[in-house]
Amino acid sequence: MNLLDGKHVSAKIKEDIKQEAAELTTKLGRKPHLVAILVGHDGGSETYVASKMRNCEQVGFESTNLHYEADITEEALLSKITEINQDPSVDGLIVQLPLPKHIDPEKVTEAIDYRKDVDGFHPINLGRMQRNLPCFIPATPYGILLMLEHYQIDTSGKKAVIIGRSNIVGSPMSILLARNANPGNCTVTLTHSRTTNLAQEVQDADIIVAAIGKKNFVTADMVKEGAIVIDVGINREVSDLTKSGYKLFGDVDFEAVAPKSSWITPVPGGVGLMTIVGLLKNTLEAAKGTFYTK
Ligand code: GUN
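Bear in mind that the values here come from a model prediction, so they are computed numbers and not experimental data.

Some words on the sheet that holds strand β4 (residues 92-95)
Taken together, three strands build an open sheet; the order of strands is β3-β2-β4 and the sheet is parallel. The open sheet has two edge strands with one neighbour each: β3 (62-68) and β4. This sheet shows a mean twist of 15° between the axes of neighbouring strands, independent of strand direction. Across seven bridges, the pairing between strand β2 (residues 33-39) and β3 is parallel. Bridge pairing in β3 links Ile37 to Leu66.

Set out below in structure tokens:
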């Protein structure tokens, strides 16, 4: 078993981003700038956004966190997005999900200027990604690709089974691994809540991407000897054993699965750290204007 070490890879890529950000800051006369909108007080979301902001500072970006109460109207939120779309000092804009029930996440996603959509959720970015054209790729799948690339893992011709079809991870991951690209060129199976005999599908996989949000969902009996196992799960449980008061669990039973796998990501210290790197790389691209001229 080899560890796909998110701590090591993310630190290395962040050093490169920091250097590029410094050069770009000299050229533009300002730092690359990410704005994150957070609505309400979901504990997980508050932690993730704080981490995104902290990471921006670490690589020399400017970051702004706009935090609204859960009762903000959809209209007020959309109007704020329009304002930021038009602000030339902002390169990237993300709205942390999930949103309160009275706000339509699809409307919010489409309201963000696709040229600032560093989450890669806008249909224009999604369509361009499917066509293998320059675009913003959603941060978690992007981070996974960067990890596979770092360890020079050859995915071509492999059978990839993805567990979970979310817009944020499972669905874009299925597109990316199926593309005629490297990493890519996989035969992809996208499994979900209606999949019959999910365990059997997973047993066939050379590459497993677990993104279902259920602690220890992937057990050793579901994993083929030598499989590559990517664990996207961040399941938080209250714990008095950690400083934060929470302990994180993946979607994979790591202890039991690791000995069977050829490569595996730990939780924490795996995909979560790479997600941040994906977001930082997209923000840098947005500031460079490489994909889209503003
Ligand atoms: N909620 C969970 N993951 C993400 C993400 O990558 N971006 C946003 N905006 N919200 C999320």
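Overview of the sheet that holds strand β6 (residues 187-191)
Spatially, six strands are ordered β1-β11-β8-β7-β5-β6 in an open sheet, and the strand pairing comes out parallel. Each edge of the open sheet is held by one strand with a lone partner, namely β1 (2-3) and β6. When strand β5 (residues 159-163) meets β6, the two strands line up parallel, connected through five bridges. Considered in β6, the bridge of Ala160 is made with Val188. Packing against the sheet, helix α7 (residues 170-178) makes contact with β5, β6 and β7 (207-210), and its axis sits at approximately 170° to β6.

Considerations on the pattern of salt bridges
Side chains that differ in charge, positive against negative, can pair when their charged atoms come close. Counted under the stated rule, the structure contains eight salt bridges. Notably, a salt bridge pairs Lys288 with Glu20, separated by 2.9 Å at the nearest N-O pair. Here Lys288 is found in helix α10 (residues 271-288), whereas its partner Glu20 is found in helix α1 (residues 6-28), with 268 residues between them in sequence. Judged by relative accessible area, which is 36%, Lys288 ranks as partly exposed. The partner of Glu74 in a salt bridge is Lys107, and the shortest N-O contact between them spans 2.8 Å.

Cut-offs and rules
- Residues numbered from 1 in each chain as written.
- Predicted model: local features only at pLDDT ≥ 70, side-chain atom pairs only at ≥ 80, totals over all residues.
- Heavy atoms only, no water.
- Pairing = 2+ DSSP bridges.
- Helix = DSSP H or I, 4+ residues; strand = E, 2+ residues; numbered from the N terminus.
- Axes fitted to C-alpha atoms, helices over the stretch in contact; angles between N-to-C directions.
- Contact = heavy atoms within 4.5 Å.
- Salt bridge = Lys/Arg side-chain N within 4 Å of Asp/Glu carboxyl O.
- Buried < 20%, exposed > 50% of the residue type's maximum accessible area, 1.4 Å probe, protein only.

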